[in-house]
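Structural features, examined
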Amino acid sequence: MKRSCRQVGTKENENPLAPLGRGEGEGDFHMKKIYLDHNATTPVQPLVVKEMEKYFTGIFANPSSVHSPGQEAADALMEAREAVQGLIGASKPEEIIFTGSGTEANNLAIKGITSANEKKGRHVITSVVEHHAVLSPCKSLEKSGYRVTYLPVDKYGMVNPDDVRKAVAADTVLVSIMMVNNEIGTINPIPEIGKMLKEKGIFFHTDAVQAAGKMPVNVEALFVDALSISAHKFYGPKGVGALYLRAGTRLKPLIEGGHHEKNRRAGTENVAGIRGLAKALAIAVESMGPETKRLLKLRNMLKNGLSGSIKNIYVMGHPEKVMANTLNVCFEWIEGESIILNLDLKGISVSSGSACTSGSLEPSHVLMSMGVDSALAQGSIRFSFGTDNAEEDVKYVLEVLPEIVSRLRSMSPIAPK
Ligand SMILES: *Cc1c(COP(=O)(O)O)cnc(C)c1O
């Protein structure tokens, strides 16, 4: 047994939410895997897998079929739709449109609402820190003649509602501001923005992919007309998302075909995936209170531990209005990518805040727009905790990371020696 490898000795069921069978390596030795990248994706909860299984070979019929197995599938679909409706505070099940991803939900909201409401105007407002699943469709709108305002953020990555108000023009048709940032965890003041936009009669969409299942999400309290979620960010399957669309909001579909999803998203429904999404969201919402406290404790333990053991590091994101599971830290004079690779050798999976675009290292657009120096932004690491993490995971990171950082700094040409 190598020193860098940890024996599988954790009580797997210490946390009732912890997926089974994790941490058991398949190789010659058992290297404990510590997954700290839950903002990228999460493992599917065993209860969710169990729920989904029923819809592959049992209740497999097409929900559009008239026969009784078809109607059974249609009922299962409606039940899931009503569950999601209830969990996000929507008033009608028809306000939930199931999609193939969070990305699709964002595209559907942005392209679908603008093109169905072109008469209201061709100006859209968003922010510079949005996920690419919002930025790219906005860029595409610009190519087709829309004006898009990309609002700046403060040093914590937060959008100021006053900036939204000032950006509103006579032809503003849609505003899209993310609820929680995936890289830094900063929580935007969505209710304030939503309330103001409602008074002005402007459609408001929020990308709530990083919020759903992790903090309360209620479409009434948020004053939103459209809201995107994605199952794989809250222990559901990949490839299933949903768009909440307030009743009465006109929308042009992206995908045309049959009459599925009330003519707003054609294609035979992914019944198993949709059941999985609904089940995963129900579990996440039910366990949210204590789980949030637990994750915040892990996050702060790591934050304080790193601050105490490594010099010249900077915690990014808002000090209080931040998602409990997300900790973004910039390590001065070294590159995030090198830290990731070194942590990976120790069985620890984390992400860099900087997206690696076609082989070239570009600093994160989020950190850059917060005014972070580009060299410092290169040294960003995002730790994102989840149900399968425990305090000993944090202890292990604190055991190995200081040594990695000092070794990388000793090799860095820009680090003072
Ligand atoms: C992951 C993510 C998305 C994309 O969701 P997919 O289901 O992976 O397409 C969109 N927005 C945010 C903020 C995300 O974190």
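Residues numbered from 1 in each chain as written. Predicted model: local features only at pLDDT ≥ 70, side-chain atom pairs only at ≥ 80, totals over all residues. Heavy atoms only, no water.

1. A look at the domain arrangement of the protein
Rule in force here: Domain ranges listed in this record stem from an automatic or a database domain assignment. Any two residues having at least one pair of non-hydrogen atoms within 4.5 Å are treated as being in contact. Buried area, as used here, totals the accessible surface that two parts lose on assembly, with accessibility defined by a 1.4 Å probe and the loss added over both. Should a side-chain nitrogen of Lys or Arg be within 4 Å of a carboxyl oxygen of Asp or Glu, the pair is scored as a salt bridge. For this analysis, a polar contact is any N or O atom pair within 3.5 Å, provided that within protein one partner can donate a hydrogen and the other can accept it, and provided that sequence-adjacent residues contribute only side-chain to side-chain pairs. By definition, any uninterrupted DSSP run of H or I lasting at least four residues is a helix, any uninterrupted run of E lasting at least two residues is a strand, and each is numbered from the N terminus. Under the scheme applied here, ten amino acids are nonpolar (Ala, Val, Leu, Ile, Met, Phe, Trp, Tyr, Cys and Pro), four are charged (Asp, Glu, Lys and Arg), and all others, including Gly, are polar.
The domain boundaries assigned to the protein delineate domain 1 (34-43 + 287-411) and domain 2 (46-286). Relative placement of domain 1 and domain 2: their C-alpha centres are 28 Å apart. The partner domain 2 presents 35 residues to the 29 residues of domain 1 that form the contact. A combined buried area of about 2600 Å² lies between domain 1 and domain 2, and 55% of that area is made up of carbon and sulfur atoms. The largest per-residue losses of area from domain 1 upon contact with domain 2 belong to Met288, Met323 and His365, which jointly make up 25% of the total buried on that side. Across the contact surface, domain 1 and domain 2 share zero salt bridges. Applying the counting criterion to the domain 1 and domain 2 interface returns 20 residue pairs in polar contact (both at pLDDT 80 or more). Counting residues per element, the ones that place at least two in the side of domain 1 that touches domain 2 are helix H10 (288-309), strand E10 (326-331) and helix H12 (365-369). It is H12 that provides the largest number of residues to the side of domain 1 that touches domain 2, a total of four residues. The class makeup of the residues in the side of domain 1 that touches domain 2 is 10 nonpolar, 17 polar and two charged.

2. Some points on the packing of aromatic side chains
Aromatic ring pairs are reported here in terms of the distance separating the ring centres and the angle at which the planes meet. Quick reminder of the rule: Side-chain rings of Phe, Tyr and Trp, where Trp is taken by its six-membered ring, are said to pair if the distance between their centres is within 6.5 Å; with planes under 30 degrees apart they count as stacked, over 60 as edge-to-face, and otherwise as tilted. Think of it as a cone above the ring: NZ of Lys or CZ of Arg counts as a charge over the ring if it is within 6 Å of the ring centre and within 35 degrees of the ring normal.
Considering all chains together, one arrives at zero aromatic pairs under this definition. Between the NZ or CZ atom of Lys120 and the centre of the ring of Phe203, over which it lies, the distance is 4.5 Å. The residue whose ring lies beneath Arg122 is Tyr146, and the NZ or CZ to ring-centre distance is 4.6 Å.

3. Points about the site of the ligand
To keep it simple, the criterion reads: Nearness here has a simple test: a residue counts as near a molecule or strand if at least one of its heavy atoms is within 4 Å of that partner. For the area figures, the Shrake-Rupley method with a 1.4 Å probe applies, and any residue is considered shielded solely by the protein chains shown.
If you check the shell around the ligand, you find 13 residues, and the closest are Thr103, Asp207, Gln210, Ser230 and Lys233. The contact in question runs from an oxygen atom of the ligand to an N or O atom on the backbone of Gly102, over 2.8 Å. In the environment of the ligand, an oxygen atom lies 2.7 Å from a nitrogen or oxygen atom belonging to the side chain of Gln210. Surface burial for the ligand is 90%, taken as the share of its 390 Å² of free accessible area covered by protein chains.

4. Considering unusual backbone geometry
One non-glycine residue, Phe223, adopts positive backbone phi at about 55°. Tracing the sequence through the fold places Phe223 in the loop between helix H7 (219-222) and strand E7 (226-230). The residue Asn312 is not glycine, and still its phi comes out positive at about 55°. With respect to the helices, strands and loops of the structure, Asn312 is situated in the loop between H10 and strand E9 (313-316).

5. Structural notes on the pairing of strand E3 (residues 123-127)
Moving residue by residue along a regular strand, the side chains alternate between the two faces of the sheet. Quick note on the threshold: Only protein chains enter the accessibility calculation, which uses a 1.4 Å probe. A residue is then buried if its area is under 20% of the maximum for its type, exposed if over 50%, and partly exposed in between. By definition, two strands form a pair when at least two bridges between them are found by DSSP. By the criterion used throughout, a crossover qualifies as right-handed when its path from the first strand across the helix to the second strand runs clockwise, the strands pointing away from the viewer.
E3 sits mainly inside the fold: five of its five residues count as buried. Of the two faces of E3, the one carrying His123, Ile125 and Ser127 and the one carrying Val124 and Thr126 are both buried. Relative to strand E4 (residues 147-151), E3 runs parallel, the two sharing five bridges. Bridge assignment links His123 to a residue of E4, and that residue is Arg147. Taking the sense of rotation as the criterion, the β-α-β connection linking E3, helix H4 (residues 132-143) and E4 turns out right-handed. As judged from the three bridges shared by E3 and strand E5 (residues 172-176), these two strands associate in the parallel manner. From the neighbouring strand, His123 faces E5, where its bridge partner is Thr172.

6. With respect to the side chain of Glu269
Stated precisely, the cut-off is as follows: For the charge count, each Lys or Arg is scored as positive and each Asp or Glu as negative, with His and the chain ends excluded.
Structurally, Glu269 can be placed in the loop between helix H8 (260-263) and helix H9 (271-286). The buried charged residue Glu269 lacks any salt bridge, with Arg81 as its nearest oppositely charged partner at 5.2 Å. Sequence-distant contacts of Glu269, that is, excluding residues within four places in its chain, are made with Pro63, Ser64, Leu77, His260, Glu261 and Ile274.

7. Notes on the sheet that holds strand E15 (residues 380-384)
Heads up, the rule is: All axes here are fitted lines through C-alpha atoms, helices being fitted over the stretch that makes contact, and every angle between N-to-C directions spans 0 to 180 degrees.
Across the sheet, four strands lie side by side as E9-E10-E15-E12; this open sheet has antiparallel pairing. Two strands lie at the open edges of the sheet, namely E9 and strand E12 (351-352), each paired on one side alone. Pairing of E10 with E15, which is carried by five bridges, proceeds in the antiparallel orientation. Directly across from Asn328, in E15, lies its bridge partner Arg382. Set on the sheet, H10 makes contact with E9, E10 and E15; between it and E10 the angle comes to about 15°. Relative to the sheet, helix H11 (residues 336-345) contacts E10, E12 and E15, its axis offset from that of E15 by approximately 45°.

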